[in-house]
Amino acid sequence: MKGDHQGPLSPIAMNFLSLLKKCSACRKDFFDRLKEAREVLPPALLSCEKRLPHVPSWAILRDGRKSGRGGPVMENLYSVKLTKLVEEYKLEVLRAGRDYEKCKVKTGDVSRPGLQLIGYFDYYDPLRLEVLGKVEKTFLDGMNPRERQESFEQLMEQGFPALIICRGMEPFPECMEMAEKYDRTILRTQEITTDFMGALITGLRNYLAPRITRHGVLVEIYGEGVLLFGESGVGKSETAIELIKRGHRLIADDAVEIKRMGDNQLIGSAPELIRHYMELRGIGVVDVRRLFGVSAIKDSANIDLVVNLEPWRDGAVYDRLGLEELHATILDIELPSVTIPVKPGRNLAVIVEIAAMNNRYKRMGYNAAQAFTDQINKHFEEALAQQEESTV
């Protein structure tokens, strides 16, 4: 659930947790109030919780039932191996679980144990990575060994992918003992907690982003990512080669992998197997990186404009002014789109280059077609006003 907050706890929150830990009456009242609030949940869900006290509501909801918030919860279709994250973020493995090599992370959210340290696991997501920072360590330092053992035992029972200790801090003996008992993976980083979490969440969102592969060519023109669509043989690759010769960069040819990053950003890249290669009919496959140098290629780019190339059709009406705003929808994100008819003698590379520059100006707030229309309208209004004055 995107609304759940698992960020760093403030000192006030930590004092509150400490009070709950020390005062049994306060703790009982607090959890009684939470139970009253949960009465809005479906009875079937509550009965599941009663039968399975150690299985959190979040895990029960992930099978696609109603979440109590008006819609089903869908599990992420993509995953990333834990070992890949360990390698990328240079994490130290303090203890590897039996499934360490096969373990996959399936959610882009990261959790810091707060209420979980005092045993509250309602709506806890066991698919998230757990991050232990200085705030949590300070809170745990205030416990005696037996209390710490109980806290870590309740946490380790949940089955999360791994616990990551930040700032290079030494793990508590009780933490390692319970990790051994429940076969959990314990990792460590030297990074500051907030910095590490920011980088980790960004990386996870990239790995787990919704994606699609489309037939086309993606090039970067003056910083604008231009996605060329069109039927096979219409001239997409030839246009891209000419653009490369004019100093622009190739991202992908023939197949473009598109990821949705956030609510309004699409990033395109090439499948690793065909990255930097192009197919030209009559010549075959060429390596753009070796022919034109590293300045002619780029691994990924934002997609800012969709250009549809289609054979010229006599009698078809094509936009000659540019006032009509067309859009193409990819992964539920609308992108500006233009259609360029193809016929012998038209320099497609220059036309696509102009389309990219014009799109950039529009994003900066200037629309040449609208400015031209306003200028024409102003001219006719002035001419009409002069005509009326002369007739008076």
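Residues numbered from 1 in each chain as written. Predicted model: local features only at pLDDT ≥ 70, side-chain atom pairs only at ≥ 80, totals over all residues. Heavy atoms only, no water.

Novice: What should I look at first to understand the environment of R246 in this one?
Specialist: Considering the arrangement of structural elements, one finds R246 in the loop between α10 (236-245) and β10 (249-260). A relative accessible area of 40% places R246 in the partly exposed class. C-alpha of R246 to C-alpha of I221: the two residues are 25 residues apart in sequence and 9.6 Å apart in space. Once residues lying within four places of it in the same chain are set aside, the contact partners of R246 are A349, V350 and E353. (Helix = DSSP H or I, 4+ residues; strand = E, 2+ residues; numbered from the N terminus. Buried < 20%, exposed > 50% of the residue type's maximum accessible area, 1.4 Å probe, protein only. Contact = heavy atoms within 4.5 Å.)

Novice: Just to check I follow, could you spell out the sheet that holds strand β14 (residues 300-302) for this structure?
Specialist: Two modes of strand pairing occur in sheets, parallel and antiparallel, and in both the strands are linked by backbone hydrogen bonds. Read across the open sheet, the eight strands follow the order β14-β11-β10-β8-β9-β15-β17-β16; overall the sheet is mixed. Bordering the open sheet on either side are β14 and β16 (326-330), each of which pairs with just one other strand. Neighbour-to-neighbour, the strand axes of this sheet turn through a mean angle of 40°, independent of strand direction. Here strand β8 (residues 211-221) pairs with strand β9 (residues 224-230) via five bridges, running antiparallel. In the sheet register, L218 faces β9, and the bridge partner there is L227. (Pairing = 2+ DSSP bridges. Axes fitted to C-alpha atoms, helices over the stretch in contact; angles between N-to-C directions.)

Novice: In this structure, what is going on with the confidence of the model for the chain? I would like to understand it.
Specialist: In regions of low pLDDT, the predicted coordinates are not meant to be interpreted in detail. On average, residues of the chain carry a pLDDT of 83, and 80% of them reach 70 or more. The spread of mean pLDDT over the elements of the chain runs between helix α4 (residues 57-61), the lowest at 34, and strand β7 (residues 186-188), the highest at 97. With pLDDT under 50 throughout, residues 1-7 is counted as low confidence; its partners more than four residues away or in other chains account for 15 contacts. (pLDDT = per-residue confidence, 0-100.)

Novice: Hey, could you run me through the packing of aromatic side chains in this one?
Specialist: Two measures describe an aromatic ring pair: the distance that separates the ring centres and the angle between the ring planes. Summed over the entire model, instances satisfying the criterion amount to five aromatic pairs. Centroid distance F121 to Y124: 5.4 Å. Interplanar angle 90°. Geometry classified as edge-to-face. For Y124, a relative accessible area of 1% puts it in the buried group. K343 extends its terminal NZ or CZ atom over the ring of W312, reaching a point 4.5 Å from the ring centre. (Phe/Tyr/Trp six-rings, centres within 6.5 Å; stacked < 30°, edge-to-face > 60°. Lys NZ or Arg CZ within 6 Å of the ring centre and 35° of its normal.)

Novice: Explain the pattern of salt bridges to me, please; I cannot follow it from the model alone.
Specialist: Close approach of charged atoms allows side chains with opposite charge to pair. Following the criterion strictly, the structure yields 20 salt bridges and no others. Between R188 and E170 there is a salt bridge whose closest N-O contact spans 3.3 Å. A residue pair is termed long-range when its members are at least 10 positions apart, and R188 in strand β7 and E170 in the loop between β6 (163-165) and α8 (173-182) qualify at 18 residues. According to the relative accessible area criterion, R188 is buried, its value standing at 10%. By relative accessible area, E170 is classed as exposed at 58%. Two residues, E325 and K362, come together in a salt bridge whose shortest N-O distance is 3.8 Å. (Salt bridge = Lys/Arg side-chain N within 4 Å of Asp/Glu carboxyl O.)

Novice: I keep staring at the sheet that holds strand β5 (residues 129-132) and nothing clicks. Help me out?
Specialist: Ordered by their spatial adjacency, five strands build an open sheet running β2-β7-β6-β5-β4, and the pairing between neighbours is mixed. Strands at the two margins of the open sheet, each flanked by one partner only, are β2 (92-95) and β4 (110-111). With respect to the sheet, α8 is in contact with β2, β6 and β7, its orientation differing from that of β2 by roughly 75°.

Novice: How do you make sense of the nonpolar core when you look at a structure like this?
Specialist: When a protein is soluble and globular, its nonpolar side chains tend to lie buried together. Counting residues in hydrophobic clusters, the biggest one holds 27 residues, and the most contacted among them are V219, V226, M278, V307 and V352. At the level of secondary structure, the elements contributing two or more residues to this core comprise β8, β9, α10, β12 (277-280), β15 (305-311), β17 (333-342) and α12 (348-363). Looking at this core, the element that brings in the most residues is α12, giving five residues. Residue contacts for V219: discarding those within four places in its chain leaves E224, G225, V226, A240, L243, R249, L250 and I251. Residues V110, C166, L200 and L204 belong to the second largest nonpolar core, which totals 22 residues. (Core = buried A, V, L, I, M, F, W, Y, C linked by side-chain atoms within 4.5 Å.)

Novice: Looking at this structure, how should I read a nonpolar patch on the surface?
Specialist: A surface patch of nonpolar side chains, amounting to about 450 Å² of accessible area, comprises L321, L323, F372, I376 and F380. Tracing the sequence through the fold places L323 in the loop between β15 and β16. Take L323: its relative accessible area is 35%, and that puts it in the partly exposed class. (Patch = residues over 30% accessible without salt bridge, like charges linked within 9 Å, V, L, I, M, F, W, Y side chains within 5 Å. Areas by Shrake-Rupley, 256 points an atom, 1.4 Å probe, with all protein chains shown as cover.)

Novice: Got a minute to help me understand α8 in this structure?
Specialist: Within α8, the full set of buried residues consists of E174, C175, M178 and A179. For α8, the angular spread of the buried residues around the axis is 135°, confining them to a single face. Exposed side chains of α8 directed beyond 90 degrees from the buried face belong to P173, E180 and K181. Where the residues of α8 are buried, they touch β2, α7 (145-156), β6 and β7. Of the residues trailing α8, D183 is marked for its positive phi of about 55°. (Arc of directions from axis to C-beta.)

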